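Here's the letter readout for the chains.
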Amino acid sequence: MKKEDVTSFIVYILMILIALLLGFTFISNMFKEYNSTFGSSALNPYVFAIISIVLAVLVNAIGLEVGHIIGGKIGGYTIASVNILGFCFYKVDGKFKFKFKDFDGLTGETILAPKSEKANPKPYVWFPLLFYFVELIVCIIFNSLGQNSNITLHHNAFVWLGTAAMIFITIASMMALYNFVPFKLDSMTDGYRLTLMSKKVNVEAYNELMRIENLQREGKEIDKIKYFDELTEFTASINLMTIYEYLSKKEFEPALALIEKMAEAKDKLTQATIYRLVAQKLYIKIMTLPIEEAQKYYEEEVDDSIRRFISNDLSMESLRAYILIAGMLDESNAEVTFALSRKEKAMKRALKSRATVESKLFDDALELVKKSHPDWDYKI
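Residues numbered from 1 in each chain as written. Predicted model: local features only at pLDDT ≥ 70, side-chain atom pairs only at ≥ 80, totals over all residues. Heavy atoms only, no water.

Considerations on the pairing of strand 3 (residues 95-100)
At step 1: Two elements, strand 2 (residues 87-92) and strand 3, share six bridges in a ladder whose sense is antiparallel. By the bridge assignment for strand 3, Phe87 is matched with Phe100.
At step 2: Hairpin connection between strand 2 and strand 3: a loop of two residues separates the two successive antiparallel strands, and Asp93 in this loop has a positive phi of roughly 55°. (Pairing = 2+ DSSP bridges. Helix = DSSP H or I, 4+ residues; strand = E, 2+ residues; numbered from the N terminus.)

Structure (structure tokens):
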């Protein structure tokens with residue numbers, strides 16, 4: 001299980017705890033206190049709660065993306081698309097169109113395109129947080145009015161608003177926890193973006209990523225991708241795009257040169273990133289060198305910890321190296337079949353921008369194994 005999966009699981013548990021804590025304390029007590037009001041009304045308290053929850057999710061989902069839009073505009077970006085709960089408005093030739101589309105986020109996603117290299121993404125991540133605090137203040141005021149009003153409960157609309165306000169606070173707090181936790185979860189959250197923006201080079205890399213992804217969405221040719229000599233985990237991910245451009249064109253020598261250059265900065269990158277760079281290097285060597293030379297490199301330069309990582313890692317970088325090791329070096333039909341069985345799961349984890357290239361690179365590796373062992377069984 002990846003670190004992001006573990007962190008996401010913990011955050012989801014905390015979100016559930018927030019719901020239970022507020023649900024079984026403040027909200028539950030308010031329903032009991034105002035039972036006479038709800039009982040004499042045509043509106044069932046549970047129906048009221050469900051309506052309030054649905055409205056709270058909608059308001060907060062819209063508020064987050066409105067915050068992103070305003071912040072993005074202030075920061076110097078154009079809005080490429082806005083997706084709220086699958087309702088996606090996207091720009092084509094300067095005009096917005098609509099379609100249903102999945103999104104990378106809890107309730108939605110706003111995609112930006114930088115107008116220049118000087119675009120500042122910080123307002124994009126701060127404005128949704130500002131919306132949350134404004135909503136929190138408004139809800140606290142309504143809740144206070146509902147609890148402290150001297151008007152008879154039966155006729156007091158603030159009682160209803162106060163109860164709805166607590167439900168809004170609960171939903172908003174759950175969504176804010178997910179969106180502003182300073183870690184990478186199953187999507188790139190605003191909190192994680194804020195940690196990235198603490199380094200100037202990451203801001204440059206973020207804008208480069210937005211530029212590249214926007215060109216990909218528009219089906220335009222990607223010009224020279226910026227290479228970052230100052231390495232962080234994030235700039236390394238941008239540098240990998242350059243490597244993948246070389247790999248997609250079978251330009252293995254420049255790809256290998258960049259991999260070796262990045263691998264030298266071991267203190268700047270995580271162990272997983274370093275090991276995946278080794279997997280990339282192994283892939284190139286087995287694909288291009290005589291098998292005896294590739295075998296010698298593997299036995300002399302790749303230690304047991306890296307071998308274990310590659311065999312267990314569910315990433316396409318490791319998996320395509322693993323199928324070559326299994327088929328070309330270890331000559332194990334069983335291990336090749338095992339690698340094939342893992343491809344679908346690994347592809348689901350691959351970045352969308354690299355999925356097509358990764359699938360092609362894996363298929364090239366499999367084809368080399370098939371040429372060497374045409375009599376093997378490749379059925380899963």
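Section: helix 13 (residues 316-329)
Residues that lie three or four places apart on an α-helix share one face, since the helix turns once every 3.6 residues.
At step 1: Look at helix 13: 19 Å from first C-alpha to last across 14 residues, which is about the 20 Å you get at 1.5 Å a residue.
At step 2: When you tally the buried positions in helix 13, you get 14 out of 14 residues, the bulk of the element. (Expected span 1.5 Å × (residues − 1). Buried < 20%, exposed > 50% of the residue type's maximum accessible area, 1.4 Å probe, protein only.)

Notes on the packing of helix 12 (residues 304-312) against helix 13
At step 1: One way to put it is that helix 12 packs onto helix 13 with a least axis distance of 8 Å and a crossing angle of 110°. Between helix 12 and helix 13, the angle is such that the two are roughly perpendicular. Within the contact between the two elements, helix 12 uses Phe309, Ile310 and Ser311 and helix 13 uses Ser318, Ala321, Tyr322 and Ile325.
At step 2: Here the contact of helix 12 with helix 13 is built from residues that sort into five nonpolar, two polar and no charged. (Axes fitted to C-alpha atoms, helices over the stretch in contact; angles between N-to-C directions. Parallel < 35°, antiparallel > 145°, perpendicular 65-115°, else oblique. Contact = heavy atoms within 4.5 Å. Nonpolar A, V, L, I, M, F, W, Y, C, P; charged D, E, K, R; others polar.)

Focus: the packing of aromatic side chains
At step 1: Applying the stated rule across the entire model yields ten aromatic pairs.
At step 2: Ring geometry for Tyr275 and Phe309: centres 5.2 Å apart, planes at 65°, overall edge-to-face. Taken together, the residues Tyr275 in helix 10 (residues 271-288) and Phe309 in helix 12 connect sequence positions 34 residues apart.
At step 3: Here Tyr275 falls in the buried class, since its relative accessible area comes to 12%. (Phe/Tyr/Trp six-rings, centres within 6.5 Å; stacked < 30°, edge-to-face > 60°.)

What about helix 3 (residues 45-75)?
At step 1: In this model, helix 3 (31 residues) spans 44 Å end to end at C-alpha, consistent with the 45 Å of a helix rising 1.5 Å per residue.
At step 2: Gly76 lies just past helix 3 and shows a positive phi near 100°.

A few points about the packing of helix 8 (residues 233-248) against helix 9 (residues 252-263)
At step 1: Orientation of helix 8 relative to helix 9, taken along the N-to-C sense of each, is 160°, at an axis distance of 8 Å. As far as their axial angle goes, helix 9 and helix 8 are roughly antiparallel. As helix 8 runs across helix 9, the sense of the crossing is left-handed. In this structure, helix 8 uses Ala236, Asn239, Leu240, Thr242, Ile243, Tyr246 and Leu247 to contact helix 9, whose residues at the interface are Phe252, Pro254, Ala255, Leu258, Ile259 and Met262.
At step 2: Of the residues that constitute the contact of helix 8 with helix 9, the class distribution is eleven nonpolar, two polar and no charged. (Left-handed = near helix turned anticlockwise from the far one by under 90°.)

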